[in-house]
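Structure assessment
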Number of protein chains: 2
Amino acid sequence: MDRDPAAALPLTELAALREAVGSLNRSPGPRVVPGRSIPVPLSVSDSSQRTIALPYRDAEWKLEPADAADWRKAVANLAATTASVVAQIADRLGVQVAESTIAGVPVFEVTPSAVAPQHANRLMVNTHGGGYVFNPGRAGLLEAVVIAARCGIKVVAVDYRMPPDHPYPAAIDDAFAVWQAVVDSRPPGSVGLSGGSAGGGLALATTLRAKRERVPLPAALAIQTPWADLEEVGDSLQTNEWLDNVLVSYRGVPERAARLYANGYDLGDPFLSPLRGDFSGFPPTMLLSGTRDLFLSLTVLVHRKLRRAGVPAELHVVEGASHFHYFLNPFAAESEDVFTEMALFLDRYLVG
Amino acid sequence: MDRDPAAALPLTELAALREAVGSLNRSPGPRVVPGRSIPVPLSVSDSSQRTIALPYRDAEWKLEPADAADWRKAVANLAATTASVVAQIADRLGVQVAESTIAGVPVFEVTPSAVAPQHANRLMVNTHGGGYVFNPGRAGLLEAVVIAARCGIKVVAVDYRMPPDHPYPAAIDDAFAVWQAVVDSRPPGSVGLSGGSAGGGLALATTLRAKRERVPLPAALAIQTPWADLEEVGDSLQTNEWLDNVLVSYRGVPERAARLYANGYDLGDPFLSPLRGDFSGFPPTMLLSGTRDLFLSLTVLVHRKLRRAGVPAELHVVEGASHFHYFLNPFAAESEDVFTEMALFLDRYLVG
C-alpha cells in the first residue's frame with residue numbers, strides 16, 4: 001500500500017502546511033484539522049489492510065429512507081445480501097444453524113463444528129447489531145456464527161422485533177424474555193450474553209433490565225463497539241467521521257435509526273442509552289473496539305464507567321479497525337487475535 | 001463549548017458534503033477525509049474540556065533545531081518552564097523531592113505526603129518522557145510526582161543522560177544501572193517500573209534488557225502512551241495528526257528526536273523500538289492512552305503483543321485525551337479516574 005502522498009511533499013510544502021494548520025490552532029477552542037488522504041496502515045496484516053482499504057458502502061451508509069415503506073425496502077435489500085455473506089462465512093467456519101423459539105421469540109441455535117470440552121454445558125446468548133432496524137432473520141447471525149466458531153461454544157441468537165413495525169420496547173422485551181427463559185432453565189453461571197453495535201447497547205440494556213427485575217445476570221458480557229448512547233455522545237463520532245469505512249458518519253443512518261427505534265421515547269432513558277445506567281453489580285465484561293471506530297469513544301466510556309463501578313471490565317482495541325471490522329473480516333490475524341481473547345475471557349468467567 | 005458548526009449546516013450543504021466525500025472514497029485505497037473543525041467533546045468534564053481545547057504549543061511542536069547547540073538551547077528553554085510547572089504541581093499535591101544517586105546515576109526520590117500503608121516498603125522506578133531529549137533534571141519529574149501522589153507510593157525518578165551529548169545507549173544504560181541496583185537492594189516483588197512516552201519506550205526496553213541480563217524484572221509495569229517504535233509505526237500517527245494538541249504531528253520533533261537519540265544505531269533495534277522485542281515473561285502491565293493520542297496505535301499494538309505473549313496486560317483509554325493529557329492536567333476527573341486505576345493495579349501486583 002502507498003504511504004500518504006503528503007509524506008513525500010517537498011519540505012517547503014510540509015513547512016507551509018505546518019504553518020497554516022498551526023495558525024488555525026493558536027487559540028483555545030475547536031480543533032481545526034486539514035483535509036487529508038490517510039494511507040492504509042502498514043502496522044496490520046495484509047488481510048486487515050484490504051478491509052481497511054475498502055471503499056464506503058454506498059448501499060448502506062448513504063440510505064435516507066423517507067417513510068416506513070422505504071425502511072422496509074432498505075432492510076429487505078440489505079438483508080438479502082447480508083444473509084448470503086453470513087451463510088458463506090458459516091459454511092467456511094463449519095457452523096450449523098437451526099431455527100427455534102424461546103419464550104415465544106424466534107431464535108437461531110448456532111452450533112460450532114467442535115464445542116470446546118469446557119463449554120459442553122455452556123451457552124452464549126447474542127443480540128445482533130444493525131442499528132436496531134437492520135439484519136432480521138439470518139442476516140443477524142454474523143456475530144453468533146463467528147463467536148460460536150472462534151470460542152467453541154453454542155450460541156442462541158435472538159431474532160428480536162424491530163422498527164418500523166416494532167419500535168422500542170419490542171427489542172428489549174424480546175431479548176429479556178429470551179434471557180429470562182434461558183436462565184430459568186439452566187445454571188445462570190453457565191450463560192453469557194454478547195452483542196455488537198446496537199446489539200451491544202441492547203445486551204447492556206438487557207442486563208440493566210435483568211438487574212431491575214431481579215433475574216440472574218449474565219455470568220459474562222462480551223460487548224463489541226456498543227451503541228451505548230443514542231444521543232450522539234462521544235468524541236470519536238467527530239474525530240473518526242469519514243475515517244470509519246463502515247458507519248462513515250453519525251449524521252445519516254445512525255441518527256435516523258435512533259429516532260426510528262425510540263419512536264418518541266426519551267433517547268436518554270438507560271434502556272435505550274445504557275451508558276446512562278447504573279452498572280454496579282454488572283458481571284465481568286469484555287469490550288472491543290478499533291482505532292478508526294466511530295464508536296471508539298462509546299466503547300471507552302462504557303469501559304471507564306464499568307471500572308468505576310468496580311466491574312472487572314477489560315478493553316481491547318484493534319489497530320486500524322473501523323466499526324465491526326473483526327466480524328466483517330473474521331479471518332484477518334487481528335480478528336483471530338481478539339477472538340482468541342474472547343475465548344480466554346469466556347473460559348475464565350463461564351462455569352458449570 | 002460550541003458544537004461543530006457543520007452540524008448546523010443546512011441540509012443541502014450536509015448532503016453536498018456527504019456526496020463529495022463519498023465520491024472520493026468509492027474505490028479501495030487511502031481514506032480521503034475532508035478538512036474539519038472538530039468541537040471540544042461534551043462527553044468529558046469541564047476541566048478536561050479546557051485541556052482538550054488548548055491550542056498547539058508552538059514553543060514545542062514546531063521546534064526545528066538545526067544542530068547540537070540549537071537542541072541544547074531548546075532543551076534548556078523548555079526545561080525552565082516545565083520545571084516550574086512541575087514544582088507547582090508537586091506543591092499542590094504535597095509531594096517532596098530529594099536529590100540522590102543510585103549506581104552513579106542521578107535520581108530524585110519523590111515521596112508523597114501520605115504513603116499508603118500497603119506500599120510502606122514498596123517502590124516505583126520512573127523513566128520520564130520527553131522524546132529522549134527533553135526534560136532533564138527536575139523538568140523530568142511530572143510523572144513521578146503525579147504517580148507518587150495518586151498511588152501513595154515512593155518513586156525513584158531516573159535523570160538519565162540524553163542527546164545531543166549522550167545519545168543511545170546512554171539512557172538505557174543509566175535506567176538499567178538504576179534498575180539493577182534497586183532490585184539488588186530489596187525484594188524484586190516490591191518494585192515496579194513506570195514510564196510515559198519516550199519514558200514508556202525506555203521502561204519497556206529496560207525490561208527487555210533486564211530479561212537479557214537475567215536481572216529480576218519489575219513486579220509491575222505502568223506504561224503510558226509509549227513511544228514503543230521509533231520508525232513511524234501506527235495508524236494513529238496519521239489519523240490523530242493535527243488532532244493531538246500535544247505532539248500535533250510526527251513529522252517534526254518526534255522524527256528529529258528519534259534520529260538524534262539513535263545517533264546512527266538501527267531504529268528498529270528492540271532496545272530502541274521495544275515493540276519489536278520479545279515480551280514473553282513480562283510482568284503484569286497497565287497501558288494508558290487517549291482517543292486523540294498520536295500514540296494510541298503504539299499503545300494498542302504493545303497491548304496486543306503483550307496479550308499474545310500471555311502477559312496480563314490491561315488497556316485503559318481516556319476519552320478525548322491527547323498524548324500525556326492525564327499528566328498535564330492531573331486534576332481532571334478523567335485523570336483522577338485512571339490514576340485510581342493505577343493505584344488499584346499497583347495494589348494488585350506489588351508485594352512485600
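Preceding this paragraph is the structure being described.
I will try to describe carefully the structure that is included in this document. (Residues numbered from 1 in each chain as written. Chains lettered and ligands numbered in written order. Predicted model: local features only at pLDDT ≥ 70, side-chain atom pairs only at ≥ 80, totals over all residues.)

Next up on the list: the overall build of chain A. When helices and strands are tallied, chain A shows 12 helices and 10 strands. For chain A, the C-alpha atoms occupy an extent of roughly 70 × 45 × 45 Å along the three principal directions. Within chain A, the fraction of its 352 residues that count as buried is 55%. Counting contacts in chain A only where the partners sit at least 6 residues apart, residues at least 24 apart contribute 77% of the total. (Helix = DSSP H or I, 4+ residues; strand = E, 2+ residues; numbered from the N terminus. Buried ≥ 20, exposed ≤ 12 C-beta atoms within 10 Å, placed from the backbone. Contact = placed C-beta atoms within 7 Å.)

This part takes up the interface of chain B and chain A. Of the residues lining the interface, 57 residues belong to chain B; the matching set on chain A comes to 57 residues. Those elements that provide at least two residues to the side of chain B that touches chain A are helix H1 (11-24), strand S1 (31-33), strand S2 (36-38), helix H8 (236-239), helix H10 (296-308), strand S10 (313-318) and helix H12 (333-349) of chain B. If one sorts the elements of the side of chain B that touches chain A by residue count, H10(B) sits on top with seven residues. Considered class by class, the residues forming the side of chain B that touches chain A number 23 nonpolar, 17 polar and 17 charged. (Nonpolar A, V, L, I, M, F, W, Y, C, P; charged D, E, K, R; others polar.)

Another aspect to go through is the sheet that holds strand S8 (residues 221-224) of chain A. All names here are of chain A. On the basis of which strands lie adjacent, the open sheet formed by eight strands has the order S3-S4-S6-S5-S7-S8-S9-S10 and mixed pairing. The open sheet has two edge strands, strand S3 (96-102) and strand S10 (313-318), and neither has a second partner. This sheet shows a mean twist of 20° between the axes of neighbouring strands, independent of strand direction. Sheet analysis places strand S5 (residues 123-127) next to strand S6 (residues 154-158), joined by five bridges and oriented parallel. Across the sheet, residue Thr-127 finds its bridge partner in S6, namely Val-158. (Pairing = 2+ DSSP bridges. Axes fitted to C-alpha atoms, helices over the stretch in contact; angles between N-to-C directions.)

To continue, consider the environment of B:Asp244. Residue and element names in this part refer to chain B. Here Asp-244 lies in the loop between H8 and helix H9 (253-262). The exposure class assigned to Asp-244 is buried, which follows from the 27 C-beta atoms found within 10 Å. For Asp-244 and Tyr-56, which are 188 residues apart along the polypeptide, the C-alpha to C-alpha distance reads 8.5 Å. Look past the residues within four positions of Asp-244 in its chain and what remains in contact with it is Arg-292, Asp-293, Leu-294, Ser-322 and His-323.

The subject of this paragraph is the relation of the copies chain B and chain A. Least-squares fitting of chain B to chain A yields an RMSD of 0.0 Å, with the superposition described by an axial translation of 0.0 Å and a rotation of 180°. The relationship between the two copies is best expressed as a two-fold rotation axis. Among all C-alpha atoms of chain B, that of B:Gly35 lies closest to the rotation axis, at 1.8 Å. Of the interface residues in chain B, 100% have counterparts in chain A that sit at the interface too, so the contact is made through matching surfaces. (Least-squares fit on C-alpha atoms with pLDDT ≥ 70 in both.)

Attention now moves to the environment of A:Val156. All names here are of chain A. With respect to the secondary-structure elements, Val-156 resides in strand S6. On the neighbour-count criterion, Val-156 (21 C-beta atoms within 10 Å) is buried. Distance in space between the C-alpha atoms of Val-156 and Ala-210 is 18 Å, their sequence separation being 54 residues. With sequence-adjacent residues up to four places away left out, Val-156 is seen in contact with Ile-102, Val-107, Glu-109, Leu-123, Val-125, Val-178 and Val-182.

Further remarks concern the packing of helix H4 (residues 68-93) of chain A against helix H5 (residues 142-151) of chain A. Residue and element names in this part refer to chain A. Between H4 and H5, whose axes approach to 10 Å, the crossing angle comes to 10°. In terms of axis orientation, H4 runs roughly parallel to H5. Of the residues in H5, those in contact with Val-86, Ile-89, Ala-90 and Leu-93 of H4 are Leu-142, Val-145 and Ala-149. Here the contact of H4 with H5 is composed, by residue class, of seven nonpolar, no polar and no charged. (Parallel < 35°, antiparallel > 145°, perpendicular 65-115°, else oblique.)

Residue and element names in this part refer to chain A. Among the secondary structure elements, Glu-109 is positioned in strand S4 (residues 105-111). Taking the number of C-beta atoms within 10 Å as the measure of exposure, Glu-109 has 17 and is therefore partly exposed. A sequence separation of 70 residues divides Glu-109 from Pro-39, and the C-alpha atoms of the two residues are 41 Å apart. What Glu-109 contacts, discounting residues up to four positions off in sequence, is Ala-98, Ser-100, Lys-154 and Val-156.

Residues and elements named next belong to chain B. With 26 residues, helix H4 (residues 68-93) should reach 38 Å at 1.5 Å per residue; the first-to-last C-alpha distance of 36 Å fits that figure. Within the span of H4, buried status applies to Trp-71, Val-75, Leu-78, Thr-82, Val-86 and Ala-90. Those residues of H4 hidden inside the fold are in contact with helix H3 (58-61), strand S3 (96-102), helix H5 (142-151) and H9. Note on H4: the residue one or two positions beyond its end, Gly-94, has a positive phi of about 70°. (Expected span 1.5 Å × (residues − 1).)

Residue and element names in this part refer to chain B. One open sheet accounts for eight strands, arranged S3-S4-S6-S5-S7-S8-S9-S10; its pairing is mixed. The sheet terminates laterally at S3 and S10, the two strands that pair on one side only. Strand-to-strand twist in this sheet, taken as the mean axis angle between neighbours without regard to direction, amounts to 20°. The pairing of strand S8 (residues 221-224) with strand S9 (residues 285-290) spans four bridges and is classified as parallel. Along S9, the bridge assignment pairs Ala-222 with Met-286.

Grouped together as the largest cluster of nonpolar side chains are 210 residues, with contacts concentrated most on A:Val125, A:Val145, A:Ala148, B:Val125, B:Val145 and B:Ala148. Residues in contact with A:Val145, not counting those within four places in the same chain, are A:Val86, A:Ile89, A:Ala90, A:Leu93, A:Val95 and A:Val110. (Core = buried A, V, L, I, M, F, W, Y, C linked by C-beta atoms within 7 Å.)

With 13 residues, H10(B) ought to run about 18 Å at 1.5 Å a step, and its terminal C-alpha atoms sit 18 Å apart, in line with that. Counting buried residues in H10(B) gives 12 out of 13 residues, a clear majority hidden from the surface. Those residues of H10(B) hidden inside the fold are in contact with S10 and helix H12 (333-349) of chain A together with H8, S9 and S10 of chain B. Just downstream of H10(B), B:Gly310 is the residue with a positive phi angle, here 85°.

Okay, unusual backbone geometry next. Here the amide bond leading from A:Pro163 into A:Pro164 is cis, since omega sits at 10°, within 30 degrees of zero. Tracing the backbone through its elements, the reader meets A:Pro164 in the loop between S6 and helix H6 (170-185). Here the phi dihedral of A:Ser197 falls at roughly 60°; this positive angle occurs in a residue that is not glycine. Residue placement: A:Ser197 occurs in the loop between strand S7 (191-196) and helix H7 (198-212). With a phi close to 70°, B:Val248 is a non-glycine residue in the positive phi region. Its place among the elements puts B:Val248 in the loop between H8 and H9. Among the residues examined, B:Val248 registers 27 C-beta atoms within 10 Å and is labelled buried.

Moving on, we come to the pairing of S10(A). Residue and element names in this part refer to chain A. Within S10, six of the six residues are buried, which leaves it mostly tucked inside the rest of the structure. Side chains Ala-313, Leu-315 and Val-317 of S10 all project onto a buried face; the interleaved residues Glu-314, His-316 and Val-318 project onto the opposite face, where all are buried too. Handedness of the β-α-β unit built from strand S9 (residues 285-290), helix H10 (residues 296-308) and S10 comes out right-handed. (Right-handed = clockwise from strand over helix to strand, strands pointing away.)

With that settled, consider the pairing of S3(A). Residues and elements named next belong to chain A. Along S3, only zero of the seven residues are buried, which leaves the element largely exposed. Sheet topology places S3 next to S4; seven bridges connect them, and they run antiparallel. Paired with Ser-100 across the bridge in S4 is Val-107. Hairpin connection, S3 to S4: the antiparallel pair is bridged by two residues, and Ala-103 has positive phi, about 55°.

It is worth spelling out the packing of H6(A) against H7(A) at this point. Residues and elements named next belong to chain A. Two elements in contact, H6 and H7, have axes whose closest approach is 9 Å; the angle formed by their N-to-C orientations is 65°. Here the hand of the crossing between H6 and H7 comes out right-handed. Listed contacts from H7 to Ala-171, Ile-172, Ala-175, Phe-176 and Trp-179 of H6 are Leu-202, Ala-205, Thr-206, Arg-209 and Ala-210. Residue composition of the contact of H6 with H7, grouped by class: eight nonpolar, one polar and one charged. (Left-handed = near helix turned anticlockwise from the far one by under 90°.)

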